[in-house]
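One-letter residues, chain by chain:
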Amino acid sequence: MVLLDVKRGDWVRVVSLQGGENLRDKLTQHGLYPGDCVRVVRTAPLGGPLLVDVHGREIALGRGIAEKIVVEEYECESR
């Protein structure tokens, strides 16, 4: 499953980042790494970005980027 498929409020664990090196660099600069637990805080209407909680910080991600973040259901302890 990819991050774009996650429902608002659900916690998931990042499995992998499926973009090129530039995308991986950008996401890791924002503190998003494989193995991290993230929560979808809000999904903007009309194709807008997703707002996700990563380590207590909120990051806006475009839908194209969210489609490249592979996640899995996981019981995250960082709630």
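Everything below is about the structure shown above.
Basis of the calculations
- Residues numbered from 1 in each chain as written.
- Predicted model: local features only at pLDDT ≥ 70, side-chain atom pairs only at ≥ 80, totals over all residues.
- Heavy atoms only, no water.
- Helix = DSSP H or I, 4+ residues; strand = E, 2+ residues; numbered from the N terminus.
- Buried < 20%, exposed > 50% of the residue type's maximum accessible area, 1.4 Å probe, protein only.
- Contact = heavy atoms within 4.5 Å.
- Pairing = 2+ DSSP bridges.
- Axes fitted to C-alpha atoms, helices over the stretch in contact; angles between N-to-C directions.

**Remarks on the environment of Tyr33**
Stage number 1. The topology assignment puts Tyr33 in the loop between α1 (21–29) and β2 (37–43).
Stage number 2. In this structure Tyr33 comes out as partly exposed when scored by relative accessible area, which is 41%.
Stage number 3. In sequence terms Tyr33 and Leu46 are 13 residues apart; their C-alpha atoms lie 28 Å from each other.
Stage number 4. Once residues lying within four places of it in the same chain are set aside, the contact partners of Tyr33 are Val14 and Thr28.

**Things to note about the sheet that holds β2**
Stage number 1. If you walk across this open sheet you meet the five strands as β4-β3-β2-β1-β5, and the pairing is antiparallel. In the strand order of this sheet, the two ends are held by β4 (57–61) and β5 (69–73), each with one partner. Between one strand and the next, the sheet's axes are offset by a mean angle of 45 degrees, whatever the strand orientation.
Stage number 2. Across five bridges, the pairing between strand β1 (residues 11–17) and β5 is antiparallel. Of the residues in β5, the one forming a bridge with Val12 is Glu73.

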